[in-house]
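Listed here are the chains, written in short residue letters.
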Amino acid sequence: MASMSSAPKMSLKLLINKKDNKVVFAEAEYYFIDFLFNLLTLPIGTIVSFLPKENCLRNLHESINKLEEAYLLPNQSNDSPLKLNTPVDAILHFFDLPLSSSDRHVKDGLVTYMVADDLSVTPMSMTSTMALFKKYNIQEVDVLEEKVVSIEFVGALDLLRFALHSKEALTKKCHILAHYPSVVCPFCHGAMASEANYIFSDTEKAQEGYVKGAVTYMVTDALVVKPLSTMSIVDLLNKSYINEVGGELEEKVVDSTMREVCDLTM
């Protein structure tokens, strides 16, 4: 198992609303999504220390620890399942990459996922991007900014803590990392993380054709092809002089025959 000092960093590409300094969403690879989903497998007793002090579950857990052995059955020793690992010990296991099959949940490879500020997860797509723009009432694309940050093990613990206390877990943890990398985090009092590069999977088998599968691509009106990403969407909106995404855009699904596809090049 990885130690705290050797645990890897997890890279996130944040789309930030500069107007209110909030994270709209993060682009993440499969390993970060597996980490988030693995948080759901933690026993309640493991995370009670992150709950508010005036919390019934926390009181219940403390009662177990304070109860004298004279009142406990013989099989309830100090290493009883009721006396669970700390969050540090429990989460560290999820930083052991590659994860075991029992700790894997989503497909890897070239699929990119969107993680909203409230930690809801969806595959990256134009539809999900525009839905979040509408949800957060983002009308002008020039208020958006992209930043790449890395979350270390201590930061992951903070993310769990914020998820239990807020509906803006990414903003509370990540937008400070993105905007003020030289200062101390007011929440964990640790040094801010630095920018990191993406490392893509190299496990895909050779396939016929020209581009890799599982990736969604953008094709502009001028037939410019790019992988779909946050910044490719924002860049296209800027180049098309679309400043208000709320009322000017609509989505349609169309089918094209082979003849119609050939006509595109004429």
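The structure displayed is predicted, hence computed values, not measured ones.

1. Some thoughts on the sheet that holds strand S1 (residues 10-17)
Pairing between the strands of a sheet comes from backbone hydrogen bonds, and it takes one of two forms, parallel or antiparallel. Across the sheet, which stays open at both edges, the five strands sit in the order S4-S3-S2-S1-S5 with antiparallel pairing between neighbours. Strands with a single pairing partner mark the edges of an open sheet, and in this sheet they are strand S4 (121-123) and strand S5 (144-151). Neighbour-to-neighbour, the strand axes of this sheet turn through a mean angle of 30°, independent of strand direction. The strands that helix H5 (residues 126-135) touches are S1, strand S2 (22-28), strand S3 (113-116), S4 and S5; relative to S2, the one it contacts most, it runs at about 170°. Helix H8 (residues 230-239) rests against S1, S2 and S5 of the sheet, and its axis sits at about 170° to S5.

2. Digging into helix H6 (residues 153-165)
Given a rise of 1.5 Å per residue, 13 residues ought to cover 18 Å, and the 19 Å separating the end C-alpha atoms of H6 matches this to within 8%. Restricting attention to buried positions, one finds in H6 the residues Phe 153, Gly 155, Ala 156, Leu 157, Asp 158, Leu 159, Leu 160 and Phe 162.

3. What about the pattern of salt bridges?
A complete count under the given rule lists five salt bridges for this structure. For Asp 118, the salt bridge goes to Lys 135, with nearest N and O atoms at 3.3 Å. Taken as a pair, Asp 118 in the loop between S3 and S4 and Lys 135 in helix H5 lie far apart in primary sequence, 17 residues in all. Across the salt bridge formed by Lys 147 and Glu 145, the nearest N and O atoms sit 3.7 Å from each other. On the basis of relative accessible area, Glu 145 is assigned to the partly exposed category, the value being 22%.

Reading the values: the criteria
Residues numbered from 1 in each chain as written. Predicted model: local features only at pLDDT ≥ 70, side-chain atom pairs only at ≥ 80, totals over all residues. Heavy atoms only, no water. Pairing = 2+ DSSP bridges. Helix = DSSP H or I, 4+ residues; strand = E, 2+ residues; numbered from the N terminus. Axes fitted to C-alpha atoms, helices over the stretch in contact; angles between N-to-C directions. Contact = heavy atoms within 4.5 Å. Expected span 1.5 Å × (residues − 1). Buried < 20%, exposed > 50% of the residue type's maximum accessible area, 1.4 Å probe, protein only. Salt bridge = Lys/Arg side-chain N within 4 Å of Asp/Glu carboxyl O.

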